[in-house]
Amino acid sequence: GQEVTKELDIEYAGTSNWQVLSVTNSNPHLDVKYEEAYRKPGQIGYRLKVSLKPTAPAGIIRDALIVETNDTGAPQFPVIVTGQVQPDLIVTPANLTMGTVKPGQSVTRQVLLRGKQPFHVTSVEGGAELFRVEKPEGTQPFHKVIVRFTGSDDPGTRECTFKIQTDLADES
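Residues numbered from 1 in each chain as written. Predicted model: local features only at pLDDT ≥ 70, side-chain atom pairs only at ≥ 80, totals over all residues. Heavy atoms only, no water.

1. What about the overall build of the protein?
Convention followed: Only runs of H or I of at least four residues qualify as helices and only runs of E of at least two qualify as strands under DSSP, and these elements are numbered from the N terminus. Radius of gyration: C-alpha atoms only; globule rule: 2.2 Å multiplied by the number of residues to the exponent 0.38.
Tallying secondary structure elements over the protein gives zero helices and 11 strands in all. In the protein, the succession of α and β elements from N to C terminus is β-β-β-β-β-β-β-β-β-β-β. In terms of overall dimensions, the protein is more spread out than a globule: its C-alpha atoms have a radius of gyration of 26 Å, far above the 16 Å expected for 172 residues. Referenced to the eigenvectors of the C-alpha coordinate spread, the extents of the protein come out at roughly 85 × 35 × 20 Å.

Structure, rendered in structure tokens:
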């Protein structure tokens, strides 16, 4: 991932001694800083900077920062932080179902790989004798991995796990 920073201006109109005392953050993937931006008669401004660290896992972020002030009438207020961290690589579907297959019948399905940037599939590992996987070639942001299953005379459920390696950092 990469670090993303957003800024929010907090403006106050009232007594000249108002100040932000602290900002409480319970999310380890957010870095929060604040500074006084200006102070005029009856007006005070602060700038709040919230950075999402590159270590943040993929998924939805929804957290409340608590801004504490010296105002006895409103000693604190929340600032809601929302976002969605997209993974560098998305695999669809994550679980592939081949359906009911008769002995000797073959079924073909596709697994789609979508990256934020062009990438190369370096290897496909795993498999079983009834499953065949075609490794896509080239470097591009989107790949189709073809999976073929051939039914056997031995009835029952078959499962197989494949590991797809790419040249993307920290992805497989």
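2. Re the pattern of salt bridges
Rules: Salt bridge criterion: a side-chain nitrogen from Lys or Arg within 4 Å of a carboxyl oxygen from Asp or Glu.
In this structure the tally under the stated criterion is nine salt bridges. Between Arg-47 and Glu-7 there is a salt bridge, with its nearest N and O atoms 3.5 Å apart. One end of the pair, Arg-47, is in strand β4 (residues 43–52); the other, Glu-7, is in strand β1 (residues 4–13), with 40 residues separating them in the sequence. Between Asp-31 and Lys-33 there is a salt bridge; the shortest N-O distance is 4.0 Å. Because the salt bridges share partners, they merge into one network encompassing Glu-7, Asp-9, Arg-47 and Lys-49.

3. Concerning the packing of aromatic side chains
Threshold: We call Phe, Tyr and Trp rings a pair once their centres come within 6.5 Å, taking the six-membered ring for Trp, and we label the pair stacked below 30 degrees between planes, edge-to-face above 60, and tilted otherwise. For every residue, the accessible area (1.4 Å probe, protein chains only) is compared with the maximum for its type, and the residue is labelled buried under 20%, exposed over 50%, or partly exposed between those bounds.
If you walk through the whole model with that rule in mind, you get five aromatic pairs. Centroid distance Tyr-34 to Tyr-46: 6.4 Å. Interplanar angle 45 degrees. Geometry classified as tilted. Highlighted residues: Tyr-34 in strand β3 (residues 30–40) and Tyr-46 in strand β4, separated in sequence by 12 residues. Owing to a relative accessible area of 34%, Tyr-34 belongs among the partly exposed residues under this scheme. Since its relative accessible area comes to 5%, Tyr-46 is described here as buried. Plain terms: the ring middles of Phe-131 and Phe-149 are 4.8 Å apart, the flat faces sit at 45 degrees to each other, and that makes the pair tilted. Remark: Phe-149 occurs in strand β10 (residues 139–150) and Phe-131 occurs in strand β9 (residues 131–134); sequence separation between them is 18 residues.

Without other data, these values stay purely geometric and don't point to any function.
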